[in-house]
Amino acid sequence: MPRASTRLTFAVLATGAGVFSMLQSLIAPALPTVQHALHASPSTATWVMTAYLLSASVFTPILGRVGDLAGRKRTLVAVLLAVLAGCLVAALAPNIGVLIVARVVQGVGGALFPLSFGIIRDEFAPAEVSGSISNLSAVIAAGGGVGMVAAGPIVSALDYRWLFWIPVAIVAATVLIALRYIPESPERTAGKVGWTGAVLLSGWLVALLLPLSQAGQWGWGSARVLGLFAAAVVLFAVWVVTEARSRTPLIDLRVLRLPAVWTTNTAALLFGAGMYSIWSFLPGFVQTPSAAGYGFGAGVTESGLLMLPMLVAMFLSGVVSGRLEPRVGAKALLTTGAALGALACGFLTLWHDARWQIGVVAALFGLGIGLAFASMANLIVGSVPAAQTGAATGMNANIRTIGGSIGAALTSVLVTGRLQPSGLPYASGYTHGWTLLTLLCLAAAAAALLVPARRQGPPAEVPAPPGVTRAPARVR
């Protein structure tokens, strides 16, 4: 494939990953509208978000590994078709049940992240890989911001169903271009998918994330929550033992034990806790009526506009990080990104009485997200063998999501643990929540400092398990 066509390849990958990232946040501001339109209860409507989270968590590492084995292009196209089908069904959904099923199908798109990183590693010249991964990470981060900003205007001007009709058109065009212009993977691992490991991985992820997302309704001490947490621990232990003994593991645990990988994943877990909590609770804070003693009574559109500095900052810092990484290193960028997140949350803890202060916080946190997203992806891709790119980057994305679920659950306890007679949280609940997020981001910066310095040259190859051979790479 001519080198000039890598720009088109990047455009396809960025469009697919950006749309999926946008779908993560696009529906959240419009959830009350969806609930009313489909005559659903609040508890049922929350499954529109929960189903998407669980589906993405399960499919991201599994299909990332399938791409390593079966070919990243064909897996990418299949995933894009699943997202297309999910958006089409969601746009036509006659009731909340069908919409929830559609969101499960959309969640398959989580695999677009590891597949895209793998294709960049396969097809781009070595000197272009780091910058391209940084740029793609900027698009992924900005996609979430676009969802928060665009949801209000789209619903106001059109209808909530256009939150899905617009992605239908974009993804359909992306599929056609991907089929024509993206080449098949030169790197593959000979073997098969370890379906036992896949089932166990899915089991402990669902058992962990489901109670974290529903504990506010079920109760932290309820039998369902405690039972699922216990099941998660047992299934995780069985999964680790099974993968360690498997000749064809779904996730090679030796790769996850590499110093650069486990330290980056630890930072991802902690920073994800802060990032997703800011995305979840800052819009609600600014939408709170000022009669509560805080907040600005902003509507969905205005609260999205207050997040606009975050969107711009995360995109710009993600792009700039690609230029900075060869000079200062991904480790320094990850540490700086987490530190900026801590600075933003600390500022928010002390000053949150004016709209401009929210704008400053959004911009600072956006800078941190852009740097952190790009550097995490580069650290993982640069530290693992090419044949493990999909599985390793998929697990990194998953660990960030797990951190987000834990952070959102803990923040929810602090914010909603004590309510005013009006049913709104006290200002102190938010203040305690912002303090927690400050500490989590500081811990992420500390974990980033433990990342070993990047060595020059390609990452060392992890030996294949006994009885497994790797397919030879295509010479470019």
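This structure is a prediction, so every number in the text was calculated from the model and none was measured.

### A look at the side chain of Thr264
- Position of Thr264 among the secondary structure elements: in helix 13 (residues 259–287).
- Residue class for Thr264 comes out buried when judged on its relative accessible area of 0%.
- What Thr264 contacts, discounting residues up to four positions off in sequence, is Met376, Leu379, Ile380, Asn396 and Val451.

### Notes on the confidence of the model for the protein chain
- On average, residues of the protein chain carry a pLDDT of 86, and 92% of them reach 70 or more.
- When the criterion is pLDDT under 50, residues 463–476 qualifies, and its contacts beyond four places in sequence or with other chains add up to 36 contacts.

### Here's the deal with the packing of aromatic side chains
- This model, assessed by the stated rule, comprises 14 aromatic pairs.
- With a centroid separation of 5.8 Å and an interplanar angle of 20 degrees, the aromatic rings of Phe271 and Phe365 are classed as stacked. Of the two residues, Phe271 is situated in helix 13 and Phe365 in helix 17 (residues 355–381); the sequence distance between them amounts to 94 residues.
- The exposure class of Phe271 is buried, given its relative accessible area of 1%.
- Given a relative accessible area of 0%, Phe365 falls into the buried group.
- Ring geometry for Phe285 against Tyr294: centres 5.3 Å apart, planes inclined by 20 degrees, an arrangement best described as stacked. We note that Phe285, like Tyr294, is buried.
- Members of the aromatic cluster, joined through ring pairs, are Phe285, Tyr294, Tyr430 and Trp434.
- Taking NZ or CZ as reference, Arg103 lies 4.0 Å from the ring centre of Tyr52, over its face.

### So, the side chain of His352
- Inspection of the secondary structure assignment puts His352 in the loop between helix 16 (330–350) and helix 17.
- You can call His352 buried: its relative accessible area is 13%.

How each quantity is defined
- Positions within a chain are numbered from 1, following the residues in the order the chain's sequence is written.
- The predicted origin of the model limits local features to residues at a pLDDT of at least 70 and limits the giving and counting of side-chain atom pairs to 80 or more, whereas totals for whole chains, interfaces and linings rest on all residues.
- Hydrogens and water are ignored here; the side-chain numbers use all heavy atoms of the structure.
- Comment: elements are numbered from the N terminus, with helices defined as DSSP H or I runs of at least four residues and strands as E runs of at least two.
- Burial classes: relative accessible area under 20% of the type maximum marks a residue as buried, over 50% as exposed, and values in between as partly exposed (1.4 Å probe, protein chains only).
- In this description, contact between two residues means that some pair of their heavy atoms is separated by no more than 4.5 Å.
- What pLDDT reports is the predictor's confidence in each residue, on a scale of 0 through 100.
- By convention, a stacked pair of Phe, Tyr or Trp rings (six-membered ring in the case of Trp) has centres within 6.5 Å and planes under 30 degrees apart, an edge-to-face pair has planes over 60 apart, and any other such pair is tilted.
- Look at NZ for Lys and CZ for Arg. If either is within 6 Å of the ring centre and within 35 degrees of the ring normal, a charge sits over the ring.

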